[in-house]
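Observations on chain architecture
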Amino acid sequence: MTKLTIAQLLKETPLQEVEVKGWVRTFRAKRFIALNDGSTLNNIQCVVDFENTDENTLKRITTGAAVHIKGELIESQGKGQSVEIVVSTIEILGDSDPETYPIQPKKHSFEFLRENAHLRTRTNTFSAVMRLRSALSFAVHKYFTDNGFYNMHTPIITGSDAEGAGEMFRVSTLDQKKPPLTEEGEIDQSKNFFGKDTNLTVSGQLEAETYAMSLGKVYTFGPTFRAENSNTTRHLSEFWMIEPEVAFMDLAGNMDLAEDFIKSVLSYVLEHNAEDLAFLDKRLLDEEKTKPQAQRSELSLIEKLKFVTENNFKRVSYTEAIDILRNSKPNKKKKFNYIIEEWGADLQSEHERFLVEKHFKCPVILFDYPANIKAFYMRLNEDGKTVRAMDVLFPGIGEIIGGAQREERLDVLKQKMAVLDISEEELWWYLDLRKYGTAVHSGFGLGFERLVMFATGMSNIRDVIPYPRTPQNAEF
Ligand code: 4AD
Ligand code: MG
């Protein structure tokens, strides 16, 4: 007897005696089990001979139960599937209580499923999303490995604030209620586990830079933590970031890399995850139909993915973007929440989305931002007021990538740190890179969940990570 996954059974398996384990999705007419084991979106139909199955077993075949089935794989007698299993024996491995089981065979709201995140991958939508997430993660590692990058694991506990934004979770073993105090009455950090204040990393970039300056091409792909209080559909307090860093590469090279990378990973899932994508494509289409005509997307999910893989990203300087925004209809009619008046304004997601969705109608790479709205490590341009920053903006998502050519000149870097009051002592090792064999280098960070949102058409970031962490929420 051959033990196979349902994915294998549905795909060119010779008709034979088989066995399979999975969870009952539905049981219809005391006869037809739709069985799923997670290996594919599709269920296999298992036909029970109810006259020769005892009543008690039949009662226990309920939605959500785990079962072990043996039987014969035959060409299906009914419509809707090519093969089915004629059950010879069925063993109930784990009962489910049909009265209380939250995942009923009907449409559930995403809010409800978020509250049942431990069971939501038993639905078609979430199993498809999470299989795609897994495939994208693999595609990321494949892309970098194929292109000569080394994967490095940057620390999760750090002593520095890479983004200088101060939005960090503190890591401490000190007694919160009664911390040890110094003679001056300050918290005595020397008694803390690491002998100093530490936090969860907001980015692996600074450490990645050290390895780029010896191994050449590296990337890190790990969890990132931000204690920013933004309760939006695009922010998580814990998310995964992919950060390549490359020596001897300037900003133009960085843009080329970002574009090639995104196209490559999206092409990978278009090729390898067609079934799940087709399902999500249809789901999105149904969702779009509930919206007023004017708000509907012109492209389907798969068309959107192909549009990105087949077209060039538009590269636009911040200065050009400000001109476009200043003269735009929503700006003149005061439809933006933040009206763009002057050069130097920070761009909000409404502006980014206007540029991408209304003006250019394609992914956009904005570059050369004003120095004072970007992080300290970005390379200052000759004009003395802009830095070699780049943000990649995507339709429906806004910023998906943030990156830069790094400031490689010791004196300029020190000046910038002084202005922002960033301690040279803390970042001595980062400064060392500029003392010993400094060189042009660049990199970027891609928010993995934002990529998964784009690839799956899901509109809330909480629905593309297994257990989302957001302000006031760390269930599971
Ligand atoms: O633009 P950010 O803050 O850039 C950095 O952290 C750089 N150190 C990266 C680098 O150059 N190596 O973050 C990078 C990306 C954003 O473009 C966005 O996609 C994602 O990370 N991101 C978030 N995703 C989910 N929730 C949040 N709170 C996020 N903050 C940033
Ligand atoms: Mg950013």
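Residues numbered from 1 in each chain as written. Chains lettered and ligands numbered in written order. Predicted model: local features only at pLDDT ≥ 70, side-chain atom pairs only at ≥ 80, totals over all residues. Heavy atoms only, no water.

1. Regarding a nonpolar patch on the surface
Residues Ile156, Ile157, Phe193 and Phe194 make up a contiguous nonpolar surface patch of roughly 400 Å² in combined accessible area. Within the element layout of this structure, Phe193 appears in the loop between strand 9 (170-171) and strand 10 (198-200). (Patch = residues over 30% accessible without salt bridge, like charges linked within 9 Å, V, L, I, M, F, W, Y side chains within 5 Å. Areas by Shrake-Rupley, 256 points an atom, 1.4 Å probe, with all protein chains shown as cover. Salt bridge = Lys/Arg side-chain N within 4 Å of Asp/Glu carboxyl O. Helix = DSSP H or I, 4+ residues; strand = E, 2+ residues; numbered from the N terminus.)

2. Regarding the site of ligand 1
Near ligand 1, the surroundings consist of 24 residues, among which Glu163, Gln205, Arg226, Glu243 and Glu399 are the closest. Residue Leu236 places a main-chain N or O atom 2.9 Å away from a nitrogen atom belonging to ligand 1. In isolation ligand 1 has 630 Å² of accessible area, and contact with the protein removes 94% of it. Sorting the residues of the shell around ligand 1 by element identifies strand 12 (238-247), strand 16 (398-405) and strand 17 (441-447) as the ones contributing at least two each. (Near = heavy atom within 4 Å. Polar contact = N/O pair within 3.5 Å; in protein donor to acceptor, adjacent residues only side chain to side chain.)

3. Concerning the nonpolar core
If you look at the biggest cluster of nonpolar residues, it comprises 63 residues, and the most contacted ones within it are Phe261, Ile262, Met390, Phe394, Ile400 and Ile401. Look past the residues within four positions of Ile400 in its chain and what remains in contact with it is Ile262, Val392, Phe394, Gly445, Leu446, Gly447, Arg450 and Leu451. Ranked by size, the runner-up nonpolar core spans 37 residues in total, among them Tyr369, Tyr377, Ala389 and Leu393. (Core = buried A, V, L, I, M, F, W, Y, C linked by side-chain atoms within 4.5 Å. Buried < 20%, exposed > 50% of the residue type's maximum accessible area, 1.4 Å probe, protein only. Contact = heavy atoms within 4.5 Å.)

4. Topic: the sheet that holds strand 9
Within a sheet, neighbouring strands are paired by backbone hydrogen bonds and run either parallel or antiparallel to one another. Across the sheet, which stays open at both edges, the three strands sit in the order 8-10-9 with antiparallel pairing between neighbours. The open sheet has two edge strands with one neighbour each: strand 8 (157-158) and strand 9. In this structure, strand 8 lies alongside strand 10, joined through two bridges in antiparallel fashion. When the bridges of strand 10 are listed, Thr158 appears paired with Asn199. (Pairing = 2+ DSSP bridges.)

5. Topic: the sheet that holds strand 7 (residues 150-151)
Pairing in this open sheet of eight strands is mixed, and the strands run 7-11-12-17-16-15-14-13 from one edge to the other. Of all strands in the sheet, those with a lone pairing partner are strand 7 and strand 13 (314-317), marking the two edges.

6. Overview of the packing of aromatic side chains
Counted under the stated rule, the structure contains 20 aromatic pairs. Where Phe138 meets Tyr268, the ring centres are 5.7 Å apart and the plane angle is 55°; that geometry is what we call tilted. A residue pair is termed long-range when its members are at least 10 positions apart, and Phe138 in helix 4 (residues 124-146) and Tyr268 in helix 6 (residues 251-272) qualify at 130 residues. For the ring pair Phe221 and Phe448, a centre distance of 5.0 Å and an interplane angle of 65° mean the geometry is edge-to-face. (Phe/Tyr/Trp six-rings, centres within 6.5 Å; stacked < 30°, edge-to-face > 60°.)

7. Thoughts on helix 5 (residues 205-215)
When we look at burial in helix 5, the residues that qualify are Gln205, Leu206, Glu207, Ala208, Glu209 and Ala212. At its buried positions, helix 5 is contacted by strand 8, strand 11 (217-225), strand 12, helix 13 (428-435) and strand 17. Just downstream of helix 5 lies Gly216, where phi reads positive at about 90°.

8. Notes on the domain arrangement of the chain
By domain assignment, the chain separates into domain 1 (2-101) and domain 2 (122-167 + 202-463). For domain 1 and domain 2, the distance between their C-alpha centroids amounts to 44 Å. Contacts between domain 1 and domain 2 engage nine residues on the former and nine residues on the latter. Here domain 1 meets domain 2 over a buried area of about 720 Å², counting both sides, of which 40% is carbon and sulfur. Applying the counting criterion to the domain 1 and domain 2 interface returns zero salt bridges. Across the contact surface, domain 1 and domain 2 share six residue pairs in polar contact (both at pLDDT 80 or more). Its residues placed into classes, the side of domain 1 that touches domain 2 shows three nonpolar, five polar and one charged. (Domains from an automatic or database assignment. Buried area = accessible area lost by both parts, 1.4 Å probe. Nonpolar A, V, L, I, M, F, W, Y, C, P; charged D, E, K, R; others polar.)

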